[in-house]
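Take a look at the letters that make up each chain.
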Amino acid sequence: MKDDPRDHATEIRQGEDLDRDALATWLRDALELDGELAIEQFPSGFSNLTYLLKLGERELVLRRPPFGAAGIRGGHDMAREHRVLSRVVDVWPRVPRPLAYCDDTEVIGAPFYVMERVSGVILRAKPPKGLELYPARFKALSKRAIDTLAELHALDVDALGLAELGKGPGYVERQISGWSRRWHKAKTDDVPTMDRAATWLGENQPADSGVALIHNDYKYDNLVLDPDEPAHIIAILDWEMSTVGDPMMDLGTTLGYWIEAADPAPLRMFGLTALPGNLDRARLVERYREQSNCSFDDPLFYFVYGVFKIGVIVQQIYARYKAGHTQDPRFADLIHVVQACGATAERALDTGRISDLWR
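Conventions adopted
- Residues numbered from 1 in each chain as written.
- Predicted model: local features only at pLDDT ≥ 70, side-chain atom pairs only at ≥ 80, totals over all residues.
- Heavy atoms only, no water.
- Helix = DSSP H or I, 4+ residues; strand = E, 2+ residues; numbered from the N terminus.
- Contact = heavy atoms within 4.5 Å.
- Expected span 1.5 Å × (residues − 1).
- Buried < 20%, exposed > 50% of the residue type's maximum accessible area, 1.4 Å probe, protein only.
- Phe/Tyr/Trp six-rings, centres within 6.5 Å; stacked < 30°, edge-to-face > 60°.
- Axes fitted to C-alpha atoms, helices over the stretch in contact; angles between N-to-C directions.
- Parallel < 35°, antiparallel > 145°, perpendicular 65-115°, else oblique.
- Left-handed = near helix turned anticlockwise from the far one by under 90°.
- Salt bridge = Lys/Arg side-chain N within 4 Å of Asp/Glu carboxyl O.

As for the environment of P169
Thought 1: By the secondary structure assignment, P169 is in the loop between α4 (157-160) and α5 (171-186).
Thought 2: As a C-alpha pair, P169 and H215 span 46 residues in sequence and 18 Å in three-dimensional space.

Quick look at the side chain of N222
Thought 1: Tracing the backbone shows N222 in the loop between β6 (212-214) and β7 (223-226).
Thought 2: When sequence neighbours within four positions are dropped, the list of residues in contact with N222 reads H215, D217, A235, I236, L237 and D238.

Overview of helix α9 (residues 300-322)
Thought 1: In a regular helix each residue adds 1.5 Å, so 23 residues correspond to 33 Å; α9 covers 32 Å between its end C-alpha atoms and thus fits that length.
Thought 2: The buried count for α9 comes to 21 of 23 residues, which makes it a mostly enclosed element.
Thought 3: In the segment just after α9, G324 is the residue with positive phi, at about 85 degrees.

Thoughts on the packing of aromatic side chains
Ring pairs (aromatic) are described by centroid distance and by the angle formed between their planes.
Thought 1: Applying the stated rule across the entire model yields 6 aromatic pairs.
Thought 2: On the basis of an interplanar angle of 70 degrees and a centroid distance of 4.8 Å, the ring pair of W26 and F112 is categorised as edge-to-face. In this pair, W26 is assigned in helix α1 (residues 20-31) and F112 in strand β5 (residues 112-116), connecting sequence segments 86 residues apart.
Thought 3: With relative accessibility at 0%, the residue F112 sits in the buried group.
Thought 4: For the pair F138 and Y220, a centre-to-centre distance of 6.4 Å together with 10 degrees between the ring planes defines the contact as stacked. With F138 in helix α3 (residues 135-153) and Y220 in the loop between β6 and β7, the pair connects residues that are 82 residues apart, well separated along the chain.
Thought 5: In this structure Y220 comes out as buried when scored by relative accessible area, which is 3%.
Thought 6: Cluster of aromatic residues (ring-pair linked, three or more members): F138, Y220 and W258.

Examining the packing of helix α7 (residues 247-257) against helix α8 (residues 281-291)
Thought 1: Running from N to C, α7 and α8 cross one another at 150 degrees; their axes reach a closest spacing of 11 Å. With respect to α8, the axis of α7 lies roughly antiparallel. The handedness of the crossing between α7 and α8 is right-handed. The segment α7 lies against α8, with P247, M248, L251, T254 and L255 engaging R281, L284, V285 and Y288.

Considerations on the pattern of salt bridges
Pairs can form between side chains of opposite charge whenever their charged atoms are close.
Thought 1: Taken as a whole and judged by the stated rule, the model has 26 salt bridges.
Thought 2: Put simply, E81 and R63 hold a salt bridge, and the shortest N to O gap is 3.2 Å. Linking E81 in helix α2 (residues 78-88) with R63 in strand β3 (residues 58-64), this pair joins segments that are 18 residues apart in sequence.
Thought 3: The partner of D280 in a salt bridge is R283, and the shortest N-O contact between them spans 2.8 Å.
Thought 4: For R283, a relative accessible area of 53% puts it in the exposed group.
Thought 5: A cluster of three or more residues bridged by salt bridges with shared partners is formed by R13, E16, D328 and R330.

As for unusual backbone geometry
Trans peptide bonds make up most of the peptide bonds, and negative phi angles are found at most residues other than glycine.
Thought 1: With phi around 75 degrees, N216 is a residue other than glycine that occupies positive phi space.
Thought 2: By the element assignment, N216 lies in the loop between β6 and β7.
Thought 3: With relative accessibility at 5%, the residue N216 sits in the buried group.
Thought 4: Despite not being glycine, D356 shows a phi value in the positive range, around 50 degrees.
Thought 5: Inspection of the secondary structure assignment puts D356 in the segment after α10 (334-351).

Such coordinate-based values are descriptive only and should not be taken to indicate function.
Here it is as structure tokens:
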């Protein structure tokens, strides 16, 4: 039988179980859903935990913060994620429909929300079986991915009722100071290249370029693709870090995740953008310029910011593992990813480029 390339849930990882009886009671009360509840877990992802709930023929998805993440709540705000989806879903077709939010930590131990399941292909570190990803498909997908980011940034935040998510002017400064502070708080090892990036970012901040609804974690493995036409994006997932802020900083995060063929090997965990056919980072920026109304001169600052921010996120996860808050074996070697992020930021600063850094 032909392999099904769509994303599938599997058994729940040790230590990440949910209280099935309490959850079934909540589903019955909140959504009037009854029947035998089966729970599986989507195995990928390093941040919020995602579960598949099955009640007969009905399939839902539950999102909750990771265990041991109480000290970094700002990155795991279920209420924010649910609110953004609720406002966007009726005006833009690329988000799953949220169904209910729960702030009662007595149910499963943390706030969570439930949404409809959007079934499709998700591109992770390895190509899914049953899907041929030849260069022409990657070229079309990479163009569509950056076009979709520009579409997101063009949404009217006032009309969506989300303007209050923003904190006004100074977004760039708040991000740089915030991520630098998180870096120093989460450090477990000496990584001088990350320290250098933090210092450079603090000394070279541009003014805010504009205001938009931003995803803050936009990359291939947060896109659900049509298995019959992989360049068609069905939905964007993982909105927990979304906010109203500078769209160029959002682009910077995407550039940080957009790995090229010669980039350090540990960064390959971020996906398949290094495979033939994908636009490189410089062409990605040019495509974004063509598709948006945003104006900026040099993308170097935003790329270094993106790489540094991703290094901090990975360091926070690694610090939880080192502290014993999670036993997920995938986390054991994440310090090498942090070091690779630092090396990439340093190389960009030394060359003044965002693409083809290692020639």
